[in-house]
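So the chains spell out like this:
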Amino acid sequence: MEHLIPLGMFFYTPLTFEQLGVFEGMGAYRHVLAQPLVNASVVVQGVHDRAYVMADGVFVQVVKRESVASFSVTATKTLTIIVENMGYIGFSKAMLDYTAEYKGISGVTIDGQSPLEWEHFKIDIRSLSKPSRSVANLTTTDQQPGTFNDKVLLKNGPAIFQDTVELQYSQIMDTFINITNTWSKGYLIVNDV
């Protein structure tokens, strides 16, 4: 959460990335709770493209584009929704309708009510230079029960990891990183590119 760049913008409802001038990467919305939530029914509406819901900084739920699901949240201070822009559609009628291909979220309800006053943030993934920790320090205690797309979830939700691999010149050749059994979603940056 330390990588959030405040845009200094508070609005009654969440705005789209385009309205905020965020055209790539990720953004976040934070609502400070007026009163604690106990098993409150939360619905994140109009997710484009993928949202990670955090209650008091603890990961709760992934919400994918075009899915409408209610889930239970208990929190005392904040509800934060981190949204990933996975690119724009380059075909179909969606290109002609700006309102159909926005990025971000269109709304949130908590127990059927729309909370007011959302703070907006930008996350510039190219400038993330302070990783949460090394991949080498990742343990099974960091995982939470349950899976998403048959992959174990991290207990604290999205995280930034960094590691170093040193190769001898004779080892340099075409290669790939196999993430099929360990990683469900994310960005991979090699050599700061």
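The rules behind each value
Within each chain, residue numbers correspond to sequence positions counted from 1 in written order. Selection of residues for local features in this predicted model requires a pLDDT of at least 70, selection of side-chain atom pairs for listing and counting requires 80 or more, and totals for whole chains, interfaces and linings are taken over all residues. Each side-chain value is derived from all of the structure's non-hydrogen atoms; neither hydrogens nor water enter the calculation. Throughout, exposure labels follow a simple rule: accessible area from a 1.4 Å probe, protein chains only, divided by the maximum for the residue type, with under 20% read as buried, over 50% as exposed, and the rest as partly exposed. Secondary structure elements follow DSSP: runs of H or I no shorter than four residues count as helices, runs of E no shorter than two count as strands, and numbering proceeds from the N terminus. DSSP-based pairing: two strands are paired if at least 2 bridges between them are found. In this scheme, patches are assembled from residues that exceed 30% relative accessible area and form no salt bridge. Like charges are connected within 9 Å, while nonpolar side chains (Val, Leu, Ile, Met, Phe, Trp, Tyr) are connected within 5 Å. Note on areas: Shrake-Rupley, 1.4 Å probe, and residue coverage restricted to the protein chains presented here. Here, a salt bridge means any Lys or Arg side-chain nitrogen found within 4 Å of an Asp or Glu carboxyl oxygen. We call a set of buried residues a nonpolar core when its members are Ala, Val, Leu, Ile, Met, Phe, Trp, Tyr or Cys and they connect through side-chain atoms within 4.5 Å of each other. Residues count as neighbours in contact if any of their non-hydrogen atoms are within 4.5 Å of one another. Orientation is described by lines fitted to C-alpha atoms, with helices fitted over the stretch in contact, and by angles between N-to-C directions that extend from 0 to 180 degrees. For this analysis, a polar contact is any N or O atom pair within 3.5 Å, provided that within protein one partner can donate a hydrogen and the other can accept it, and provided that sequence-adjacent residues contribute only side-chain to side-chain pairs.

**Re the pairing of strand 7 (residues 78-84)**
Argument step 1. Judged by how many residues are buried, strand 7 sits mostly within the fold: 7 of 7 residues are covered.
Argument step 2. Side-chain alternation along strand 7 places Thr-78, Thr-80, Ile-82 and Glu-84 on one buried face and Leu-79, Ile-81 and Val-83 on a second face that is also buried.
Argument step 3. As defined by bridge partners, strand 2 (residues 26-32) adjoins strand 7 across 7 bridges and the pair is classed as antiparallel. For Gly-27, the partnering residue across the bridge sits in strand 7 and is Val-83.
Argument step 4. Direction of pairing for strand 4 (residues 50-55) relative to strand 7: antiparallel, over a ladder of 6 bridges.

**Looking at a nonpolar patch on the surface**
Argument step 1. A contiguous nonpolar surface patch, about 520 Å² in accessible area, is contributed by Val-165, Leu-167, Tyr-169 and Ile-172.
Argument step 2. Along the chain, Val-165 turns up in the segment after strand 13 (161-162).
Argument step 3. Val-165 gets classed as exposed once you look at its relative accessible area, which sits at 68%.

**Description of the nonpolar core**
Argument step 1. Of all hydrophobic cores here, the largest spans 25 residues; its most connected members are Val-44, Val-73, Ile-81, Ile-105 and Val-108.
Argument step 2. Looking at this core element by element, the count peaks at 4 residues for strand 3 (residues 37-45).
Argument step 3. With near-sequence residues (within four places) excluded, Val-108 lies in contact with Val-42, Val-43, Gln-45, Leu-79, Ile-81, Gln-113, Ser-114, Pro-115 and Trp-118.
Argument step 4. Counting 10 residues, the second-largest nonpolar core is a separate cluster that includes Met-26, Ala-28, Tyr-52 and Met-54.

**Regarding the sheet that holds strand 8 (residues 107-110)**
Argument step 1. The strand order 6-3-8 describes an open sheet built from 3 strands, whose pairing is antiparallel. Each having just a single partner strand, strand 6 (70-75) and strand 8 make up the two edges of the open sheet. Between one strand and the next, the sheet's axes are offset by a mean angle of 35°, whatever the strand orientation.
Argument step 2. The sheet contact formed by strand 3 and strand 8 spans 4 bridges and is antiparallel.

**Here we look at the pairing of strand 9 (residues 118-123)**
Argument step 1. Across the 6 residues that make up strand 9, a large majority, 5, are buried.
Argument step 2. With 5 bridges joining them, strand 2 and strand 9 adopt antiparallel strand pairing. Counted as the bridge partner of Met-26 is Ile-123 from strand 9.

**A word on the side chain of Glu-84**
Argument step 1. Mapped onto the fold, Glu-84 is located in strand 7.
Argument step 2. A distance of 3.2 Å separates polar atoms of two side chains, one belonging to Glu-84 and the other to Tyr-52.
Argument step 3. When sequence neighbours within four positions are dropped, the list of residues in contact with Glu-84 reads Gly-25, Met-26, His-48, Asp-49, Arg-50, Tyr-52, Lys-185 and Tyr-187.

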